[in-house]
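# Structural description and commentary
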Amino acid sequence: MNITVCIDAYVKGVRTGSPVFTEDIYAYVARHIPGARRDVVNTYIARYAAKADLVRYRKGIYYKAAVTPFGATGISYAELLKRRYLTDGDKVFGYETGPSYMNKIGLTTQMSGSTFIATNKAGGGTEPGVVLVRPVLPVDNDNYRYLQFLDMLDNRMKVRIEAADRKKILRGYIDAHGLDFEKLMYYARYYKNSRIYGRIAELAREA
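Let me begin by describing the structure that accompanies this report. (Residues numbered from 1 in each chain as written. Predicted model: local features only at pLDDT ≥ 70, side-chain atom pairs only at ≥ 80, totals over all residues. Heavy atoms only, no water.)

A complete count under the given rule lists 13 salt bridges for this structure. Of the charged contacts, one joins Arg 156 and Asp 154 as a salt bridge, the two residues approaching to 3.0 Å between their closest N and O atoms. Classification of Arg 156 as exposed rests on a relative accessible area of 54%. What emerges from the salt-bridge pattern is a single network uniting Glu 23, Asp 24, Arg 83 and Asp 88. (Salt bridge = Lys/Arg side-chain N within 4 Å of Asp/Glu carboxyl O. Buried < 20%, exposed > 50% of the residue type's maximum accessible area, 1.4 Å probe, protein only.)

In structure tokens, the structure reads:
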């Protein structure tokens, strides 16, 4: 198997519109051709894209396109955000937060023109309409739901909460994701906001 065949095999396994990261293609090639150099593989990717349905989105990112009666398809923005800032396979390194998420779960009617994301991967520029937020701790599979919830209690962005049933909404989040109150108290210490403890205790009494 040569480099071009490897690239073709990888791209054929990608859905139309899905982002294709050159680092992923390289990892795939390296598994089949040990010792393959990254710069050489990148050159082959560029050549392959010029002859195939692979479109360059920006440095290091392509997407698989298709021609329709309405023109060529574009990149799946939701998938791009998910992969760049939220998850890679089973590994979680970010979560949605702030006004966009609080609107999504019904705590506020305030509409945000941006999606707010707390992520470990803040380098390399952002996508349009995305605001990156520094998490209080590095995000991982075990803590992201706790941090997402505590961000809402902390409300550092001063989002106006209009929901009359806010306690029900917050308690529903706790129950839906199986959050442990002791762990909530543990992670709360990183927020340096003493009011959070009282809010957690109040929600615990709602059980």
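To continue, consider the packing of helix α2 (residues 22–32) against helix α3 (residues 38–51). If you want to describe how two helices pack, look at the angle between their axes and the distance between the axes. Packing of α2 against α3 brings their axes to within 10 Å, and their N-to-C directions diverge by 115°. It follows that α2 is roughly perpendicular to α3 by the angle criterion. The handedness of the crossing between α2 and α3 comes out as right-handed. When α2 is examined against α3, the residues Thr 22, Glu 23, Ile 25, Tyr 26 and Val 29 are found in contact with a partner set consisting of Arg 38, Val 41, Asn 42 and Ile 45. (Axes fitted to C-alpha atoms, helices over the stretch in contact; angles between N-to-C directions. Helix = DSSP H or I, 4+ residues; strand = E, 2+ residues; numbered from the N terminus. Parallel < 35°, antiparallel > 145°, perpendicular 65-115°, else oblique. Left-handed = near helix turned anticlockwise from the far one by under 90°. Contact = heavy atoms within 4.5 Å.)

What follows deals with the nonpolar core. Counting residues in hydrophobic clusters, the biggest one holds 28 residues, and the most contacted among them are Phe 149, Leu 150, Met 152, Leu 153 and Leu 184. Going through the elements one at a time, α5 (98–104), α6 (144–154), α7 (166–176), α8 (181–188) and α9 (195–204) are the ones with two or more residues in this core. The element that contributes the greatest number of residues to this core is α6, accounting for six residues. Excluding residues within four positions of it along the chain, Leu 150 makes contact with Leu 184, Tyr 187, Ala 188, Tyr 191, Ile 196 and Ile 200. The next biggest cluster of nonpolar side chains, apart from the first, holds 16 residues, and it includes Cys 6, Ile 25, Ile 45 and Ala 49. (Core = buried A, V, L, I, M, F, W, Y, C linked by side-chain atoms within 4.5 Å.)

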